[in-house]
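The residues making up each chain are set out below.
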Amino acid sequence: MPSNSSLVGLDAIELRRLIGTRQVSPVELLEACIERIAAINPYINAVTATAYERARAEARAAEQAVMRGDALGLLHGLPMGVKDLEPTAGLLTTYGSAIHRGNVPTQDVTLVARLRQAGAIVTAKTNVPEMGAGANSRNTVWGATGNPFNPNLNAGGSSGGSAAALASDMLPVCTGSDTGGSLRIPAAKCGVVGFRPSPGVVPSVRKLLGWTPISVVGPMGRTVADACLQLAASAGMDAGDPLSYPLDPLSFLQPGRADLGRLRVAYTEDFGVCDVDDGIRATFRAKIDAMRHLFRTCDAVPFDMADAHACFDVLRAESFVAGMRDAYEKDPASLGPNTRANYEMGAAMSLKDSAWAQAAQTRLIKQFQSVYADYDLVLSPTTPVSPFPWTQLYADTVGGLRQENYYRWLALTYVITLTTHPAISLPCGRDHEGMPFGLQVVGRFRGDHDLLAAAQAMEQAFAASEVLARPRPDLSVLTHAEPALTSIVTTPPILDGAGGGQSVSAV
């Protein structure tokens, strides 16, 4: 039987197997995760509100189910972290915003309900930027999340808490969501896997604009197989998301086998429109040189995506206007600078702007298909910069060029958001600064299964290479961030009144 320290480092797939074969108890696993959170979270601040007593009761029930020989769900007995944008019944859900610091939902959102139905045990919430705005997971309720490789640097966002919790072995299952790169960017910065599925694969019922394809819910994991496990437990049609459609969720458990030697691969440093630091460009070229022999062909390909920035500006701002109007009109000062900037940008736009953006996105989707006439995958860096200090709200300069707003540095991921293609960020060694490097792999339109199969094959091939293998943080040398990661908290969140006698605590 593995020790507590080795137990928490096992992949979710392996932990689920050990639970099913009675080699590991869900109770034992939960206590090991709680112990790891207590030891590591003070350094990186990835976990926010916790529900340990309820989780302990559910772990005991999960153990009894195993001993009775009951049918077990895909995630049976696995402790789970839920991104703090997803409502959780009886557990504080703040959205990283001071205006929601006392919000304890009475119902789980569909994603959480499905994962719990599959046997996952909601153990804690994971940190986000305010309202998910930006790719630096810091807010005035919980503070900032530091990178497990260096707590003075940021962990990305908006699923930064989830990515950091996975990378530091605090929890084996964590949720994420993605508009401009919120799954892919923190995965890249923390050295884990983040998969943005095609719109509608996993229902995203909390988006107010139900027909927009830019916001999706998706899985994270330490491996592609772990991401597939969560995907199989959460995918499938739900009327709450009008873009969802009938599919077989279990098909994601075995997405297929890919022969890399038959794949034609295109690559780009910048999609022709994205600013990228010279160090990341050089790192990406070195990674391509180290992997090109794996594929049938591996060619640099030009892209024409000139309207992408203006198009994303409008579509993103529309979503913020829909979600933030009441709060802004009541008190603009209650919103942080990123959220407020998005709202104000959208409020100043016209129907003419909206119509142009919808048409521009349609043109981009059609144009993007042409590359797949000759290639099966498109590769790029996931982020244009190495992780920077979390005290810096966003990357204001990239490749020597001043960025015109707080999210322009996310362009490598949001241009793919606009195409609606599935995309995954794979751990791919380290960058020029010694931090994790994420490789963005983009599949065909609605080609989720083929992309996941290729990603699994690439992950396996990368593991044999010093240059490409997934890096792991050395948690034994962690030191506290300077300044403290909680230094931007204004007042402590309300931690009682969780409903049904459920206690809630902050870590």
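Everything numeric here is computed off the predicted structure, so don't read it as measured data.

Student: Could you clarify how one ought to interpret empty space enclosed by the protein in this entry?
Tutor: Think of a ball as big as a water molecule: rolled over the atoms, this probe shows where empty space is left. This model, assessed by the stated rule, comprises two cavities of 30 Å³ or more. The volume enclosed by the largest cavity comes to roughly 60 Å³. Around the largest cavity, the lining residues are Ala188, Lys189, Ile280, Thr382, Thr383, Val385, Ser386, Pro387, Asp431, Pro436, Phe437 and Gly438. Sorting the residues of the lining of the largest cavity by element identifies helix H7 (184–190) and strand S17 (436–442) as the ones contributing at least two each. Grouping the constituent residues of the lining of the largest cavity by class yields six nonpolar, four polar and two charged. Quantified by volume, the second largest cavity comes out at close to 30 Å³. What lines the second largest cavity is Glu86, Val109, Thr110, Leu111, Pro203, Ser204, Val205, Arg206 and Val217. Partitioning the lining of the second largest cavity into residue classes produces five nonpolar, two polar and two charged.

Student: It is not clear to me how helix H11 (residues 337–347) should be interpreted in this structure. Could you clarify?
Tutor: The α-helix advances 3.6 residues per turn, and as a result positions three or four apart in sequence lie on the same side. Along H11, the residues classified as buried are Asn338, Thr339, Asn342, Tyr343 and Gly346. Buried residues of H11, seen end-on, are gathered within an arc of 130° and therefore sit on one face of the element.

Student: I'm lost on the packing of helix H12 (residues 351–368) against helix H13 (residues 411–419) in this one. Help?
Tutor: Helix packing geometry: the angle between the two helix axes and the distance between the axes. Closest axis-to-axis distance for the H12/H13 pair is 8 Å, and the angle between their directions is 95°. Taken together, the axes of H12 and H13 lie roughly perpendicular to each other. Listed contacts from H13 to Gln361, Leu364, Ile365 and Phe368 of H12 are Ile416, Thr417, Leu418 and Thr419. Tallied by class, residues from the contact of H12 with H13 come to five nonpolar, three polar and no charged.

Student: Hey, could you run me through the packing of aromatic side chains in this one?
Tutor: Applying the stated criterion to the full structure yields 11 aromatic pairs. The interplanar angle of 70° and the centroid separation of 6.1 Å between the aromatic rings of Tyr267 and Phe284 together place this pair among those described as edge-to-face. Here Phe284 lies in helix H9 (residues 278–291) and Tyr267 lies in strand S11 (residues 264–267), a separation of 17 residues in the sequence. The pair Tyr267 / Phe284 is uniform in exposure class, with both members buried.

Student: Got a minute to help me understand the domain arrangement of the protein chain in this structure?
Tutor: Often, the extent of an interface is quoted as the loss of accessible area on bringing the components together. Split by domain assignment, the protein chain resolves into domain 1 (7–252) and domain 2 (260–464). Averaged C-alpha coordinates put domain 1 and domain 2 at centres separated by 22 Å. Carbon and sulfur atoms supply 64% of the area buried between domain 1 and domain 2, which totals about 4,200 Å² over both sides. Where domain 1 packs against domain 2, one counts zero salt bridges.

Student: I would appreciate a short explanation of the packing of helix H10 (residues 308–330) against H12 in the present structure.
Tutor: Running from amino to carboxyl end, H10 crosses H12 at an angle of 125°, the nearest separation of the two axes being 9 Å. Judged by the angle between their axes, H10 and H12 are oblique. As H10 runs across H12, the sense of the crossing is left-handed. Residues Ala308, Ala310, Cys311, Val314, Leu315 and Glu318 of H10 lie in contact with H12, whose contacting residues are Asp353, Ser354, Trp356, Ala357, Gln358, Ala360, Gln361 and Leu364. Of the residues belonging to the contact of H10 with H12, the class tally is nine nonpolar, three polar and two charged.

Student: Hey, could you run me through the side chain of His309 in this one?
Tutor: Structurally, the position occupied by His309 is in helix H10. A distance of 2.6 Å separates a polar atom in the side chain of His309 from a polar atom in the side chain of Tyr414. Apart from residues no more than four positions distant in its own chain, His309 is found in contact with Val273, Arg408, Ala411 and Tyr414.

Student: What should I look at first to understand the pattern of salt bridges in this one?
Tutor: When charged atoms on two side chains of opposite charge get close, those side chains can pair. Here the structure, examined in full by the defined rule, presents 25 salt bridges. Between Arg408 and Asp313 there is a salt bridge, with the nearest N and O atoms lying 2.9 Å from each other. With Arg408 in the loop between strand S15 (401–402) and H13 and Asp313 in helix H10, this pair connects stretches of sequence that are 95 residues apart. Across this residue pair, the class does not change: Arg408 and Asp313 are buried. Its salt-bridge partner being Glu329, residue Arg325 comes within 3.1 Å of it at the nearest N-O pair. Placement of both Arg325 and Glu329 in helix H10 is noted, with a separation of four residues, approximately one turn of the helix.

Student: How should I be thinking about the environment of Asp178 in this particular structure?
Tutor: Residue placement: Asp178 occurs in strand S8 (residues 173–178). Among residues more than four places away in sequence, those in contact with Asp178 are Leu183, Arg184, Arg196, Ile214, Ser215, Val216 and Thr417. There is a polar contact of 3.1 Å between the side chain of Asp178 and the backbone nitrogen of Gly181.

Student: I tried to follow the nonpolar core on my own but got confused; where do I start?
Tutor: In a soluble, globular protein the nonpolar side chains are often hidden away together inside. Ranked by internal contacts, the top residues of the largest apolar core, which has 149 residues, are Phe271, Met291, Phe295, Leu379, Ile424 and Met458. Looking at this core element by element, the count peaks at nine residues for H10. Per-domain counts for this core show at least three residues from each of domain 1 (7–252) and domain 2 (260–464). When near neighbours in sequence (up to four residues on either side) are disregarded, Phe271 contacts Phe303, Met305, Phe368, Val378, Ser380, Leu412, Val415, Ile416 and Gln440.

Rules behind the numbers
Residues numbered from 1 in each chain as written. Predicted model: local features only at pLDDT ≥ 70, side-chain atom pairs only at ≥ 80, totals over all residues. Heavy atoms only, no water. 1 Å grid on protein atoms, 1.4 Å probe; cavity = no way out; pocket = protein on both sides within 12 Å on 5 of 7 lines; lining within 4 Å. Points joined across faces, edges and corners; volume = space filled by probe spheres on them. Helix = DSSP H or I, 4+ residues; strand = E, 2+ residues; numbered from the N terminus. Nonpolar A, V, L, I, M, F, W, Y, C, P; charged D, E, K, R; others polar. Buried < 20%, exposed > 50% of the residue type's maximum accessible area, 1.4 Å probe, protein only. Arc of directions from axis to C-beta. Axes fitted to C-alpha atoms, helices over the stretch in contact; angles between N-to-C directions. Parallel < 35°, antiparallel > 145°, perpendicular 65-115°, else oblique. Contact = heavy atoms within 4.5 Å. Phe/Tyr/Trp six-rings, centres within 6.5 Å; stacked < 30°, edge-to-face > 60°. Domains from an automatic or database assignment. Buried area = accessible area lost by both parts, 1.4 Å probe. Salt bridge = Lys/Arg side-chain N within 4 Å of Asp/Glu carboxyl O. Left-handed = near helix turned anticlockwise from the far one by under 90°. Polar contact = N/O pair within 3.5 Å; in protein donor to acceptor, adjacent residues only side chain to side chain. Core = buried A, V, L, I, M, F, W, Y, C linked by side-chain atoms within 4.5 Å.

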